[in-house]
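A structural walkthrough
These are the residues of each chain, in order.
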Amino acid sequence: MEQFVIDFNYNGASYSGLVTPKEEKDELFYSVRLESENQEYQLDIVAGECDTGKMEWCFRCPDGQEPPKNIDKDLLQEIGEAIEEWEM
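Throughout what follows, the structure given in this document is the object of discussion. (Residues numbered from 1 in each chain as written. Predicted model: local features only at pLDDT ≥ 70, side-chain atom pairs only at ≥ 80, totals over all residues. Heavy atoms only, no water.)

Some details on the pattern of salt bridges
Condition: Only one rule defines a salt bridge in this text: a Lys or Arg side-chain nitrogen within 4 Å of an Asp or Glu carboxyl oxygen. Only protein chains enter the accessibility calculation, which uses a 1.4 Å probe. A residue is then buried if its area is under 20% of the maximum for its type, exposed if over 50%, and partly exposed in between.
Tallied over the full model, the rule gives one salt bridge. Among the salt bridges present, the one from Glu 40 reaches Arg 33, with a minimum N-O distance of 2.5 Å. Accessibility expressed as a relative area gives 38% for Arg 33, which makes it partly exposed.

Below you can see the structure in the form of structure tokens.
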């Protein structure tokens, strides 16, 4: 699985992310280094059934870590949608 770059706009800001697909214990997830203007995030996300019981994008929290609290859930969905578009 090779790295790829996603670009999208959210809330009036442009974002660019380097995405690295990874697999661990038969689970596919994406490590994303996301940049926007003067902000930078490093996060792992996974598409799957989250707390709501429906399929959506959510944080992958290895080793029982708490998910980052400073990332907007809608931004997370935008990242996931950009990944889905790239993979089509």
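What to know about the side chain of Ser 31
What counts is decided by this rule: Note on conventions: DSSP H or I runs of at least 4 residues are helices, E runs of at least 2 residues are strands, and numbering of each starts at the N terminus. For the purposes of these results, a polar contact is taken to be a pair of N or O atoms within 3.5 Å, where, inside protein, one atom must be able to donate a hydrogen and its partner to accept one; residues adjacent in sequence count only when each atom of the pair is a side-chain atom. Any two residues whose heavy atoms approach within 4.5 Å at even a single point are treated as in contact.
On the secondary structure map, Ser 31 appears in strand β3 (residues 27–36). There is a polar contact of 3.2 Å between the side chain of Ser 31 and the side chain of Asp 44. In this view, Ser 31 contacts Leu 18, Val 19, Thr 20, Lys 22, Gln 42, Leu 43 and Asp 44; residues no more than four positions away in its chain are not counted.

Some thoughts on the side chain of Thr 20
Looking at the element boundaries, Thr 20 is found in strand β2 (residues 13–24). Side-chain polar atoms of Thr 20 contact the side chain of Gln 3, separated by 3.0 Å. Contacts of Thr 20, omitting those with residues within four sequence positions, involve Gln 3, Phe 29, Tyr 30 and Ser 31.

Looking at the packing of aromatic side chains
What counts here: For Phe, Tyr and Trp, where Trp contributes only its six-membered ring, two rings pair if their centres lie within 6.5 Å, and the inter-plane angle classes them as stacked under 30 degrees, edge-to-face over 60, or tilted in between.
Across all of its chains, the model carries four aromatic pairs by this definition. Between Tyr 10 and Tyr 15, the ring centres sit 6.5 Å apart and the planes meet at 55°, which makes this aromatic pair tilted. Comparing Tyr 10 with Tyr 15, the two get one shared label, buried. When the ring of Tyr 30 is compared with that of Trp 57, the centres are 5.8 Å apart and the planes differ by 55°; the resulting orientation is tilted. Here the residue Tyr 30 occupies a position in strand β3, and Trp 57 occupies one in strand β5 (residues 55–59), the gap between them amounting to 27 residues. Classification of Tyr 30 as buried rests on a relative accessible area of 4%. An aromatic cluster is built from Phe 8, Tyr 10 and Tyr 15, whose rings are joined through pairwise contacts.

Some thoughts on the pairing of β2
Remember that side chains alternate between the two faces of the sheet whenever the strand is regular. Test applied: Two strands qualify as a pair provided DSSP detects at least 2 bridges between them.
Bridge count between strand β1 (residues 4–10) and β2: seven bridges; the pairing is antiparallel. For Val 5, the partnering residue across the bridge sits in β2 and is Leu 18. Turn length for the β1-β2 hairpin, with the two strands adjacent in sequence and antiparallel, is two residues, and the turn residue Asn 11 shows positive phi of about 50°. Relative to β3, β2 runs antiparallel, the two being bridged by nine bridges. In the strand pairing of β3, Val 19 is matched with Val 32. Taking the residues between adjacent antiparallel strands as the criterion, β2 and β3 are bridged by two residues, where Lys 25 takes a positive phi near 50°.

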